[in-house]
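An overview of the molecular structure
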Amino acid sequence: DLLRADAIIIGSGQGGLSCASVLAQFGKKVIVLEQHEVTGGGAARARLLRSVEAHDLVIVSYDTLRAEEGFFSEAFLFHTITIDEGHRLKNEKSALCKSLARLPVPFRLLLTGTPLQNNMHELWALLSYIIPNLFTCSWHNVCIFVDTSF
């Protein structure tokens, strides 16, 4: 049985700590998980699961998610996932995109300050992550039927 949690925020490095302090000002209970906290045996994981269950938001880095993908995809059902630096998902076949796609999350949000730089493949990769039911085929299959040279 999956633990239900409101949201998970995934970003890089120190951004999680500053995000946690801002959200705490709004009365949200936030936990920032580092990779060394997630790694461990059954008893350590059970304690961690209990502590996560008492929080509204979970913040992890990309590295922690990738290293402990099974822990997050098998133990939790998050309502929302927010991906900071969403431009990192510019290739739908990357290991990061595949890891994120395996998380059972009904609402997905990408944040990015980086423009798409006139690259339709990057736009396709971002949209296929946000709306996987609509953008089901790969970019390669789209290129076969549509002139993408514009």
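Residues numbered from 1 in each chain as written. Predicted model: local features only at pLDDT ≥ 70, side-chain atom pairs only at ≥ 80, totals over all residues. Heavy atoms only, no water.

**Structural notes on the pairing of strand β1 (residues 3–11)**
Burial runs high along β1: seven of the nine residues are buried. Pairing analysis gives seven bridges linking β1 to strand β4 (residues 76–83), with the strands arranged parallel. In the sheet register, Arg4 faces β4, and the bridge partner there is Leu77. Across five bridges, β1 lies against strand β3 (residues 57–61) in parallel orientation. Each residue of the ladder has a partner; that of Ala7, found in β3, is Leu57. (Buried < 20%, exposed > 50% of the residue type's maximum accessible area, 1.4 Å probe, protein only. Helix = DSSP H or I, 4+ residues; strand = E, 2+ residues; numbered from the N terminus. Pairing = 2+ DSSP bridges.)

**Remarks on the sheet that holds strand β2 (residues 30–33)**
Reading across from one edge, β2-β3-β1-β4-β5 is the order of the five strands in this open sheet, with parallel pairing throughout. Looking along the sheet, the strands with just one partner apiece sit at the ends: β2 and β5 (107–110). Across the sheet, the axes of successive neighbouring strands diverge by a mean angle of 25 degrees, strand direction being ignored. Judged from the four bridges that link them, β4 and β5 form a sheet pairing that is parallel. When the sheet's bridge partners are listed, Thr80 is paired in β5 with Phe107. (Axes fitted to C-alpha atoms, helices over the stretch in contact; angles between N-to-C directions.)

**Focus: the side chain of Arg108**
Examined against the element boundaries, Arg108 turns out to sit in strand β5. With no salt bridge to any partner, buried Arg108 finds its closest opposite charge in Glu69, at an N-O distance of 11 Å. Within polar-contact distance, the side chain of Arg108 engages the backbone oxygen of Tyr129 at 2.7 Å. Each residue touching Arg108, except ones within four places of it in the same chain, is listed here: Ile81, Ala101, Leu103, Tyr129, Ile130 and Pro132. (Lys, Arg positive; Asp, Glu negative; His and termini not counted. Salt bridge = Lys/Arg side-chain N within 4 Å of Asp/Glu carboxyl O. Polar contact = N/O pair within 3.5 Å; in protein donor to acceptor, adjacent residues only side chain to side chain. Contact = heavy atoms within 4.5 Å.)

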